[in-house]
Amino acid sequence: MTWIKPSFLWMMYRCGWGTKAGQETVLAVEITRDGFEWALRHACLSSYARGVHPDRATWQRQLKRAPTRIQWDPERDLHLHALPYRSLQLGLAGEAVRRYADEWTVAISDLTPLAREIHTLVSSGDLDSAARLLPQERPYPAADELLARLRP
């Protein structure tokens, strides 16, 4: 499974600012809106949620069939501590991985130098400068019906 992490600081949490073994390169992958929304329309929550799924067995069947899955993980601050709100993580498998690689991806940028620069500023206590360098992130303007069944 391949995971899309739309949050820069959540990705920094996962890769340790690009210092974890095998995760030393930080890439930003730009995909089409159509592709991202296809993934959302074909997704299932990665864990059972009472009130979203009729029962656990139905959820398990949906999860097995879904080419994408959704997790909601705590967003992170500059120290990579959990914040009281969550960001969507999108897991891709099967058909979704093929579409991601062959159809949806429009640009790939190496953000490793930026990650290292921000990490250096955070480590030295210069949080204001670090914050100014963060990539701009905005809430995704998805219609409610697109996300209604994907919120626990």
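Relevant structure appears above.
Each value, and the rule that gives it
- Residues numbered from 1 in each chain as written.
- Predicted model: local features only at pLDDT ≥ 70, side-chain atom pairs only at ≥ 80, totals over all residues.
- Heavy atoms only, no water.
- Helix = DSSP H or I, 4+ residues; strand = E, 2+ residues; numbered from the N terminus.
- Pairing = 2+ DSSP bridges.
- 1 Å grid on protein atoms, 1.4 Å probe; cavity = no way out; pocket = protein on both sides within 12 Å on 5 of 7 lines; lining within 4 Å.
- Points joined across faces, edges and corners; volume = space filled by probe spheres on them.
- Nonpolar A, V, L, I, M, F, W, Y, C, P; charged D, E, K, R; others polar.
- Salt bridge = Lys/Arg side-chain N within 4 Å of Asp/Glu carboxyl O.
- Buried < 20%, exposed > 50% of the residue type's maximum accessible area, 1.4 Å probe, protein only.
- Axes fitted to C-alpha atoms, helices over the stretch in contact; angles between N-to-C directions.
- Parallel < 35°, antiparallel > 145°, perpendicular 65-115°, else oblique.
- Contact = heavy atoms within 4.5 Å.
- Phe/Tyr/Trp six-rings, centres within 6.5 Å; stacked < 30°, edge-to-face > 60°.

A. Quick peek at unusual backbone geometry. In this model, Trp17 sits at a positive phi of 60°, which is unusual for a non-glycine residue. Residue position: Trp17 is located in the loop between helix 1 (8-15) and strand 2 (27-31). Of note in the backbone geometry, Leu80 takes a positive phi value of approximately 70° without being a glycine. By the secondary structure assignment, Leu80 is in the loop between strand 4 (68-76) and strand 5 (82-92).

B. Representation of the pairing of strand 5 in the model. Sheet topology places strand 1 (residues 2-4) next to strand 5; 3 bridges connect them, and they run antiparallel. Paired with Ile4 across the two strands is Leu90, which belongs to strand 5. The sheet contact formed by strand 4 and strand 5 spans 8 bridges and is antiparallel. Within strand 5, the position partnered with Thr68 by the bridge is Leu92. Here strand 4 hands over to strand 5 after 5 residues, with Leu80 in that stretch at a positive phi of 70°.

C. Fine view of the layout of surface pockets. There is about 1,800 Å³ of room inside the largest pocket. Residue assignment for the lining of the largest pocket shows that the elements contributing at least two residues are strand 1, helix 1, strand 2, helix 2 (33-41), strand 4, strand 5 and strand 6 (105-110). Along the lines of polarity and charge, the residues of the lining of the largest pocket split into 29 nonpolar, 9 polar and 9 charged.

D. A look at the pattern of salt bridges. As enumerated under the stated definition, the model contains 4 salt bridges in all. With its nearest N and O atoms 3.0 Å apart, the salt bridge here joins Arg98 to Glu103. Its relative accessible area of 42% is what places Glu103 among the partly exposed residues. When the shortest N-O distance is used, the salt bridge between Glu103 and Arg99 registers 3.9 Å. Linking Glu103 with Arg99, this pair stays in helix 4 (residues 95-104), spanning 4 residues, or about one helical turn. When salt bridges with common partners are traced through the structure, they connect Glu95, Arg98, Arg99 and Glu103 into a single cluster.

E. Structural context of the packing of helix 2 against helix 4. At a minimum axis separation of 10 Å, helix 2 and helix 4 run at an interaxial angle of 175°. Here helix 4 runs roughly antiparallel to helix 2, going by the angle between their axes. In contact with Gly35, Trp38 and Ala39 of helix 2, helix 4 contributes Glu95, Ala96, Arg99 and Trp104.

F. Layout of the packing of aromatic side chains. Here the structure, examined in full by the defined rule, presents 4 aromatic pairs. With a centroid separation of 5.5 Å and 55° between ring planes, the pair formed by Trp38 and Trp104 is classed as tilted. Of the two residues, Trp38 is situated in helix 2 and Trp104 in helix 4; the sequence distance between them amounts to 66 residues. Trp104 carries the same exposure label as Trp38, and that label is buried.

Limitation: the analysis is restricted to geometry and does not speak to function.
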